[in-house]
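Chains, contacts and geometry: an overview
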Amino acid sequence: MNLQNRKTPPSKRRGEKTHNPVSTWETMACLICSIVEGHKPSHMVYEDANTVAFLDVRPVAPGHTLLVPRTHVARLEDLTPEQAEALFAALYRILNPVREAVGADATTVGVNNGPGSGQEIQHVHIHIIPRHRGDGGGVIQSLGPGGRVDLTETAERIKKKIASMTKRSSDSNQQTG
Ligand SMILES: [Zn+2]
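None of these values were measured; they are calculated from a predicted model. (Residues numbered from 1 in each chain as written. Predicted model: local features only at pLDDT ≥ 70, side-chain atom pairs only at ≥ 80, totals over all residues.)

Considerations on the overall build of the chain
Threshold: Counting from the N terminus, the helices are DSSP H or I runs at least four residues long and the strands are E runs at least two residues long.
Within the chain, the regular secondary structure consists of 5 helices and 5 strands. Secondary structure elements of the chain, listed N to C terminal, follow the sequence α-α-α-β-β-β-α-β-β-α.

As structure tokens, this is what we get:
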């Protein structure tokens, strides 16, 4: 059994419209869900079976676009592998059109992923921000506090975490599949 099936009940298999696993109250209170469901107006620029993109109402640059999964999911790591693939495929599809439509040279693509990062709406949204050389905007590296870290030790810790997660998911696949 693959990761998708492990996380998704049988009623929500591939091809069926997925509804979110969180409480109805949380969904009703979610601004992005109400845009996705058409209850709130937006300047929508793209939609497919899994994703929707619309203009940010508080743009930091002309063409500032938000790409979201239709399913109410708070963080990137909460997406199923299939939802993550669909989201990145949509991002890949719309990046150039968004950039070219406003005559920009480049884009900054970013996600505030979790409340600690300043994420205000707990529904995954990828910011696509068209950029120009000399536009006065910062780079993503300017977001962090910086400081010295032991790179070797940090890399080891991350590799151990990745290895234990990979093991956990393959153990669980063996149990359930
Ligand atoms: Zn939502």
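Description of the sheet that holds strand β2 (residues 51–55)
Quick note on the threshold: For two strands to count as paired, DSSP must find a minimum of two bridges between them. Only the stretch in contact is used when a helix axis is fitted, and all axes are lines through C-alpha atoms; the angle between N-to-C directions ranges over 0 to 180 degrees. By definition, residue pairs are in contact when their C-beta atoms, positioned from the backbone, come within 7 Å.
Strand order in the open sheet formed by 5 strands is β1-β2-β3-β5-β4, and the pairing between neighbours is antiparallel. The sheet is open, and its two edges are formed by β1 (44–47) and β4 (106–110), each paired on a single side. With direction set aside, neighbouring strand axes in the sheet form an average angle of 20°. The pairing of β4 with strand β5 (residues 126–131) spans 5 bridges and is antiparallel. The residue bridging T107 from the neighbouring strand is P130, located in β5. Of the strands in this sheet, β1, β2, β3 (65–69), β4 and β5 touch helix α4 (residues 81–101), which is tilted by about 160° from β3.

Overview of α4
Counted only if it meets this: In this scheme, a helix's expected span is set at 1.5 Å multiplied by one less than its residue total. Note that bend, as reported per residue, equals the angle between axes fitted to the 7 residues terminating at that residue and the 7 residues originating from it. Partly exposed residues are those whose C-beta has more than 12 but fewer than 20 other C-beta atoms within 10 Å; with 20 or more the residue is buried, with 12 or fewer it is exposed, and the C-beta atoms are placed from the backbone.
Here α4 spans 31 Å end to end across 21 residues, near enough to the 30 Å set by a 1.5 Å rise per residue. At I94, α4 is deflected by roughly 35°, the largest bend along its length, and proline P97 occurs up to four residues later in sequence. All of the buried residues along α4 are Q83, L87, A90 and V98. The elements touched by buried residues of α4 are β1, β2, β3, β4 and β5.

Examining the pairing of β5
Sheet topology places β3 next to β5; 3 bridges connect them, and they run antiparallel. By the bridge assignment, T65 is partnered in β5 with I128.

Concerning the nonpolar core
We count it as follows: Each nonpolar core reported here comprises buried Ala, Val, Leu, Ile, Met, Phe, Trp, Tyr and Cys residues connected via C-beta atoms within 7 Å.
Counting residues in each nonpolar core, the largest one holds 19 residues, and the members touching the most others are V36, L66, L67 and V68. When contributions to this core are tallied by element, the ones reaching two or more residues are α3 (31–36), β2, β3, α4 and β5. Per element, the largest residue contribution to this core is 4 residues, and it comes from α3. Contact partners of V36, with chain neighbours within four places excluded, come to V52, V68 and R70.

Focus on the pairing of β1
As judged from the 3 bridges shared by β1 and β2, these two strands associate in the antiparallel manner. Note that in β2 the partner of Y46 across the bridge is A53.

Overview of the environment of V111
The topology assignment puts V111 in the loop between β4 and β5. Residue V111 is classed as partly exposed on the basis of its 15 C-beta neighbours within 10 Å. Taking C-alpha positions, V111 is 7.7 Å from V124, a pair spaced 13 residues apart along the chain. Leave out the neighbours within four places in its chain, and V111 touches L76, V124 and I126.

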